[in-house]
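One-letter residues, chain by chain:
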Amino acid sequence: MEPKNLESSVSAFSSFITSADQFYVRNHFKQPELSSANWTLAIDGAVSHPLQITYAELTAMRSRTMVSLLECAGNGRVFLVPREDGAQWANGGMGNAEWTGIPLADVLKLAGIKSTAVDVIFEGADSGELTTPNPKSPGVIPFARSLPISEANHGDVLLAYHMNGKQLPPTHGFPVRLIVPGWYGMASVKWLKRITLTEKPFDGYFQSLQYSYFERPNGIPTVLPVTTISVKSAIIDPGFADKIASGHDFKVRGMAWAGVNDITSVEVSTDAGKTWNPAQLIGPTIRYSWRMWEFTWPAPSAGKHTLMARATDSKGNTQAMERNKDYRSYEITHVIPVIVEVI
């Protein structure tokens, strides 16, 4: 079906790196058919030297490789009550991969950023017309998002052409996609074809009508675009409605992530949040990536149990227990209970 949207299975979360064939796919329009031989990237707008860069020219530039998690801003939407429109992800709208590409800042430097530039718009080669959910799009539009100049010039933002050491698969943005580490996945525009620098903030369809939330600085709701990933954890094993044998210790497993911040702790509750115990973090801290964790549940007794996990990041932010409805159908980061039966 088009547009193609595929959720990762639980088996994809058994390792630190998610393979490309198990990595979730989020498309808004039909996947374009592109060739590296005739692909070019246009850079225009508020620049001194507008450019047209070929695939060969881009891949010949100084590259860097980094690991970064991508998470759909609607990951976990299936848990919202009442039901919200949009892709009904459980926990599978995320993945952790190694990306190789050219720092965006290097390419923008070649074009010469004018002092009046404030935003950088990234346009993908995919386009279409949205008729549902509301609001409808103004006819056929491309998928496009933007970054402020300060973020675009951050050295970790990549024009990526490799994923996990191999050529970027078509489903993940071949020939070249944007990778904005620490931001929700909608910022990492796939099938990149044009970069435009503007002298005023971009408020396109996917920047304001979708992938946006409310903030109330003075009590009056203001619409803002979804940006950086908030602290979150997920229990991967056991799953919902799993049955567990009694009389034996059980290892609860999961992962936690916090966008541009690091995970400092994860706590697990086996009694619906009445008491909490520290989980063990596994492996080193790698910025922008998830952190695996595990907790040994001592010989659980027979009956139904409600498990919960909550993470805290390096800025002191801890997962909320309740949903903030101002986030509409995005940033589903509150603690999700997992009910299991011990037999």
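Notes on the structure follow.

How each quantity is defined
- Residues numbered from 1 in each chain as written.
- Predicted model: local features only at pLDDT ≥ 70, side-chain atom pairs only at ≥ 80, totals over all residues.
- Heavy atoms only, no water.
- Pairing = 2+ DSSP bridges.
- Helix = DSSP H or I, 4+ residues; strand = E, 2+ residues; numbered from the N terminus.
- Buried < 20%, exposed > 50% of the residue type's maximum accessible area, 1.4 Å probe, protein only.

## Notes on the sheet that holds strand β18 (residues 263-269)
Part 1 of the reasoning: Strands sit in the order β16-β23-β22-β18-β19 across an open sheet of five strands; the sheet is mixed. The open sheet has two edge strands, β16 (243-244) and β19 (277-278), and neither has a second partner.
Part 2 of the reasoning: Where strand β22 (residues 303-313) lies against strand β23 (residues 338-342), five bridges are found, and the strand directions are antiparallel. Across the sheet, the residue bridging to H305 is V340, located in β23.

## Some remarks on unusual backbone geometry
Part 1 of the reasoning: Here the amide bond leading from V81 into P82 is cis, since omega sits at 0 degrees, within 30 degrees of zero.
Part 2 of the reasoning: Within the element layout of this structure, P82 appears in the loop between β5 (64-71) and β6 (94-103).
Part 3 of the reasoning: The omega torsion across F174 and P175 is 10 degrees, close enough to zero to call that bond cis.
Part 4 of the reasoning: Topologically, P175 is positioned in the loop between β10 (166-167) and β11 (177-179).
Part 5 of the reasoning: Backbone geometry places N164, a non-glycine residue, at a positive phi of 55 degrees.
Part 6 of the reasoning: Here N164 lies in the loop between β9 (158-163) and β10.
Part 7 of the reasoning: On the basis of relative accessibility, which here comes to 23%, the residue N164 falls in the partly exposed class.

Remember that the coordinates give geometry; whether it matters functionally is a separate question.
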